[in-house]
Amino acid sequence: MIEVQNLTKYYGKQIGILDVSFKADKGEILGFLGPNGAGKTTAMRILTCYLPPTSGAARVAGFDVLADSREVRSRIGYLPENVPLYLDLTVSDYLEFVGKLKGMSKKRRRERIDDVMEECGVSHVRDRTIGKLSKGYRQRVGLSQALINDPEVLILDEPTVGLDPQQIIEIRALIRNLAGRRTVILSTHILPEVSLLCQRVIIINKGKLVTVDTPENLKSRLQRSVMVDVTVRGGLEEIQSFLESRPDVRAVTHIESTDESTHSLRVESTENRDIRESLSSAVVERGFGLVGLYTTDVSLEDIFVHLVTKEDVD
Ligand SMILES: Nc1ncnc2c1ncn2[C@@H]1O[C@H](COP(=O)(O)OP(=O)(O)O)[C@@H](O)[C@H]1O
Ligand SMILES: [Mg+2]
């Protein structure tokens, strides 16, 4: 549905995105994850034909964003970072206005406006002026305008930014419901958001693509360099220096002590292999009491930091 090849955008000498390639399949929710300035908005503005790339190509449903921009625009719904809402219009008048702007016939507008208001949960505020709506409702109106032409592809730029926690939950549920029939690309700098919403994640940093994978795979990729939490009975210093002296251990951190002689420590392996067995037998052989041993769950946040840091060193 979406194909991006070696896409590059310079703003003068400033890099927007550099040599980015990826694909999105029909019905997929793809996440752009990256810190501020990563290039998320730049990539989205190219896909929506608002900005020409410096080099490279982007196609939506087989149509090129430069050569066939009309075809691309008619298939895309876009929720920009700051939606240009007209605060003194009512919800339905605003949607009518956007429909006209997108060249939809009167009949088509009438059909679609009722449908999108229903889909986005704003039917009951259709006659309110947008300026009187909460931020969460304004975002629903923003989604409604993106959906007005019944697009195959939805591009949502940081759709939950600035909303309160309850509104975030509601907008996420809405986005989840919108997917399936449509291909959705959403950007976020919020890590849990991608694992909640997306089937695949593209991590970008400083304009460059760092990696593309499923949230689950990203997690297991990092889990291979195992972190093990052990709870051991004995003297803390003794235990710590014993663990640190092992060749398969990179680092040991003291987490907590439940009493004088019971200590929990986090052990990080030197290589990408499971050290649970060797660690447990070594602890016992050495005469310490092994109370507990668990692999710790690595958060997507750890992965992000890991990948981005690695990229920086290259
Ligand atoms: N209109 C512009 N002129 C100059 N530089 C820009 C412009 N828009 C974005 N940039 C730069 O391009 C880079 C990527 O920005 P952006 O795509 O907005 O990132 P993100 O949406 O991930 O925060 C940043 O370094 C930003 O400063
Ligand atoms: Mg942005």
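The preceding data block contains the structure.
We now turn to the structure provided with this report. (Residues numbered from 1 in each chain as written. Chains lettered and ligands numbered in written order. Predicted model: local features only at pLDDT ≥ 70, side-chain atom pairs only at ≥ 80, totals over all residues.)

### Here we look at the overall build of the chain
For step 1, the next point in the chain: Within the chain, the regular secondary structure consists of eleven helices and 14 strands.
For step 2, the next point in the chain: By principal-axis analysis of the C-alpha atoms, the chain measures approximately 80 × 45 × 30 Å.
For step 3, the next point in the chain: Considering the chain as a whole, with its 314 residues, one finds that 34% of them fall into the buried category.
For step 4, the next point in the chain: Here the analysis covers contacts within the chain between residues at least 6 apart in sequence; of these, 67% occur between residues at least 24 apart. (Helix = DSSP H or I, 4+ residues; strand = E, 2+ residues; numbered from the N terminus. Buried ≥ 20, exposed ≤ 12 C-beta atoms within 10 Å, placed from the backbone. Contact = placed C-beta atoms within 7 Å.)

### A look at the environment of Asp164
For step 1, the next point in the chain: Summarising the element assignment, Asp164 is placed in the loop between β7 (153-157) and α6 (165-178).
For step 2, the next point in the chain: Classification of Asp164 as exposed rests on a count of 11 C-beta atoms within 10 Å.
For step 3, the next point in the chain: Sequence separation of Asp164 and Asp64 is 100 residues, and the distance between their C-alpha atoms is 38 Å.

### Here's the deal with the site of ligand 1
For step 1, the next point in the chain: As a matter of local geometry, ligand 1 sits amid Tyr11, Gln14, Gly16, Gly34, Asn36, Gly37, Ala38, Gly39, Lys40, Thr41 and Thr42.
For step 2, the next point in the chain: For the shell around ligand 1, the secondary-structure elements that each account for two or more residues are β2 (14-24) and α1 (40-47).
For step 3, the next point in the chain: Of the residues assigned to the shell around ligand 1, the class counts are two nonpolar, eight polar and one charged. (Near = placed C-beta within 6 Å. Nonpolar A, V, L, I, M, F, W, Y, C, P; charged D, E, K, R; others polar.)

### With respect to helix α4 (residues 106-119)
For step 1, the next point in the chain: With 14 residues, α4 extends 20 Å from end C-alpha to end C-alpha; this agrees with the ideal 20 Å at 1.5 Å per step.
For step 2, the next point in the chain: Looking only at α4, the buried set comprises Arg112, Ile113, Val116 and Met117. Down the axis of α4, the buried set is contained in an arc of 125°. They therefore lie on one face. Those residues of α4 that are exposed and angled more than 90 degrees off the buried face are Lys107 and Glu118.
For step 3, the next point in the chain: Where α4 is buried, its residues touch α3 (91-101) and α5 (135-147).
For step 4, the next point in the chain: Two residues or fewer past α4, Gly121 is found with a positive phi of approximately 70°. (Expected span 1.5 Å × (residues − 1). Arc of directions from axis to C-beta.)

### A closer look at the nonpolar core
For step 1, the next point in the chain: Counting residues in each nonpolar core, the largest one holds 57 residues, and the members touching the most others are Ala43, Leu47, Ile155 and Ile202.
For step 2, the next point in the chain: Ignoring anything within four residues of it in the chain, the contact list for Ala43 reads Leu7, Ile17, Val20 and Phe32.
For step 3, the next point in the chain: Counting residues in each nonpolar core, the second largest holds 13 residues, with Val226, Val230, Val232 and Leu265 among its members. (Core = buried A, V, L, I, M, F, W, Y, C linked by C-beta atoms within 7 Å.)

### Comments concerning the packing of α3 against α5
For step 1, the next point in the chain: Here α3 crosses α5 at 30°, and the two axes come no closer than 9 Å. As summarised for this structure, α3 and α5 are arranged roughly parallel, according to the angle between their axes. Of the two elements, α3 crosses α5, and the hand of that crossing is right-handed. Taken together, the residues of α5 that come into contact with α3 (itself represented by Val91, Tyr94, Leu95 and Val98) are Val141, Ser144 and Gln145.
For step 2, the next point in the chain: Here the residues of the contact of α3 with α5 are counted per class, giving five nonpolar, two polar and no charged. (Axes fitted to C-alpha atoms, helices over the stretch in contact; angles between N-to-C directions. Parallel < 35°, antiparallel > 145°, perpendicular 65-115°, else oblique. Left-handed = near helix turned anticlockwise from the far one by under 90°.)

### Let's talk about the sheet that holds strand β6 (residues 76-79)
For step 1, the next point in the chain: The six strands lie next to each other as β6-β7-β8-β3-β9-β10, forming an open sheet whose pairing is mixed. Looking at which strands have only one partner, the edges of the open sheet turn out to be β6 and β10 (208-213). Direction aside, the axes of adjacent strands within the sheet are offset by 15° on average.
For step 2, the next point in the chain: In the sheet, strand β3 (residues 29-33) pairs with strand β8 (residues 183-188) via five bridges, with the strands oriented parallel. The partner of Phe32 across the bridge, within β8, is Ser187.
For step 3, the next point in the chain: α5 rests against β6 and β7 of the sheet, and its axis sits at about 160° to β6. (Pairing = 2+ DSSP bridges.)

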